[in-house]
Amino acid sequence: MKLEFDGRRSEQDILSFANNCKFNQIVDFNKSLLIKGDNLIGLSYLLQNGYKNKIDLVYIDPPYNTNQIYYLSAEGRSNTISKSTNGIVAYTDKFTLEEYLSFMRDRLVLIYNLLSEQGSLYVHIDSKMGHYIKLLLDEIFGIDNFKNDITRIKSNPKNFDRNAFGNQKDMILFYVKNKKLNIWNNIRASLTNRDIEKLYPKSDGRGRYTTIPLHAPGETVNGCTSMDWRGMKPPIGRHWRTSPDEFENLDEKGLIEWSSNGNPRIKKYLKDSKGKKVQDVWEYKDPQYPMYPTQKNQKMIEFIIEQSSNRDSIVLDCFAGGGTTMLASEKKCRKWIGIDQSDLSIEIINKQLSGKADYNFLNLTLPVIKN
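S.K.: Would you mind going over the side chain of Gln-352 with me for this structure?
M.R.: Within the secondary structure layout, Gln-352 lies in helix H9 (residues 343–353). Here Gln-352 falls in the buried class, since its relative accessible area comes to 17%. Ignoring sequence-local partners within four residues, the contact set of Gln-352 consists of Met-291, Gln-295, Gly-322 and Leu-327.

What follows is the structure, encoded as structure tokens:
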């Protein structure tokens, strides 16, 4: 399925443009990199200079086509609620729909070609444009490589006077280059006191615990997990979680609880818990007075980095803004690449990273010569 619109270029034309750009600059591949320039040019530079299929994680927070101009006050702050026009222009977010889709598609095609086979892409967007972006991503990445549409609670409830429900969420579209190979570190969320009371309602001398059935979904045709144990078989359509011999071992240790009617269940203790599975609704509220307009919650980006990259990974943000992804990557000991064409963005990023990071700076603002 294709999303057709005026100005749409073929993938071949997009890659041809990227390959026909000429660059004289060479940087140290072993260091993080901050690029000043149009990110289409910056991504083209990366494709030509050793980064093709090398980047494990891309997080982007692109323009949302809001038809607004974003400012930074003379005091160096941006208020996410009141948008004063008496400041310095940070960036302009005004496109026709066709211009916006062409702008995003060109960049997403290049990002796909930069991602490694174990790579992941997180696109932070709003629901107005997100449905269009998902169609673009389904085409470029393949619908089988779609992982999640994450709802992100971004603010407290709003009471603005308009004939619609309040808007306190946006979305993050999570895609991978190869669904069988993507880095997934299975980071778990900490249990709250409420979680503990709900999930581990029982206690004994070993501590708080819950119980689970001895069986799990799926039948085993051959093997010990389909055998009798103490005259019992697993229910139809299910198999034992482990061998009957191991059940005997657990029972001897007091790790199987028997109900009054003789139903056995395995004890699972709070002290052995690794936390809870993270779901697809996140609450990471943005700072009210960020360093840069629409700056996102750093803890959220740190979590994404921990979940979908390794210590030897490269993390890319080609809409670098205030540098939150760079700061989060540095904190998590990842090599990073940031791209932005805004003078203000580059100034803020350099200030944010001063004394915290060793990185190359590359200025690609000069005209690009084509063949």
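S.K.: Got a minute to help me understand the sheet that holds strand E8 (residues 202–204) in this structure?
M.R.: Note on sheets: strands pair through backbone hydrogen bonds, and any given pair is parallel or antiparallel. Spatial ordering of the open sheet is given by E8-E9-E13-E12, a layout of 4 strands whose pairing is antiparallel. One side of each edge strand has no neighbouring strand; the edge strands of this open sheet are E8 and strand E12 (256–258). Pairs of neighbouring strands in the sheet enclose a mean axial angle of 50°, with direction left out of account. In this sheet, strand E9 (residues 207–213) lies alongside E8 in antiparallel orientation, the contact comprising 3 bridges. In the sheet register, Lys-202 faces E9, and the bridge partner there is Tyr-209.

S.K.: What is the right way to look at the sheet that holds strand E5 (residues 115–125) in this model?
M.R.: Pairing is mixed in the open sheet, where 9 strands are placed in the order E14-E6-E7-E5-E2-E15-E16-E1-E17. In the strand order of this sheet, the two ends are held by strand E14 (281–283) and strand E17 (359–363), each with one partner. Across this sheet, the average inter-strand angle for adjacent strands is 20°, counted without regard to direction. Inspection of the sheet shows strand E2 (residues 55–60) paired to strand E15 (residues 314–317) by 2 bridges, in the parallel sense. Opposite Leu-57, over in E15, you have Val-315 as the bridge partner.

S.K.: What is the right way to look at the packing of helix H2 (residues 39–48) against helix H3 (residues 97–114) in this model?
M.R.: Between two packed helices, the angle of one axis relative to the other and the distance separating the axes together describe the packing. For the pair H2 and H3, the least separation of the axes is 10 Å and the interaxial angle reads 20°. The angle between the axes of H2 and H3 places the two elements in the roughly parallel class. The hand of the H2/H3 crossing is left-handed. Together, Asn-39, Leu-40, Leu-43, Ser-44, Leu-46 and Leu-47 of H2 and Asp-106, Arg-107, Leu-110, Ile-111, Asn-113 and Leu-114 of H3 make up the contact between the two elements.

S.K.: So what exactly am I meant to see when it comes to helix H6 (residues 244–252) here?
M.R.: Note that an α-helix has 3.6 residues per turn; residues three or four places apart therefore point the same way. Within H6 the residues assigned to the buried category are Pro-244, Phe-247, Leu-250 and Asp-251. An end-on view of H6 places all buried positions within 110° of arc, on one side of the element. Residues of H6 that are exposed and angled more than 90 degrees away from the buried face: Asp-245 and Glu-252. In this fold, the buried residues of H6 make contact with strand E11 (238–240), E12 and strand E13 (264–269). Looking one or two residues past H6, Gly-254 carries a phi angle of roughly 75°, positive in sign.

Conventions and cut-offs
- Residues numbered from 1 in each chain as written.
- Predicted model: local features only at pLDDT ≥ 70, side-chain atom pairs only at ≥ 80, totals over all residues.
- Heavy atoms only, no water.
- Helix = DSSP H or I, 4+ residues; strand = E, 2+ residues; numbered from the N terminus.
- Buried < 20%, exposed > 50% of the residue type's maximum accessible area, 1.4 Å probe, protein only.
- Contact = heavy atoms within 4.5 Å.
- Pairing = 2+ DSSP bridges.
- Axes fitted to C-alpha atoms, helices over the stretch in contact; angles between N-to-C directions.
- Parallel < 35°, antiparallel > 145°, perpendicular 65-115°, else oblique.
- Left-handed = near helix turned anticlockwise from the far one by under 90°.
- Arc of directions from axis to C-beta.

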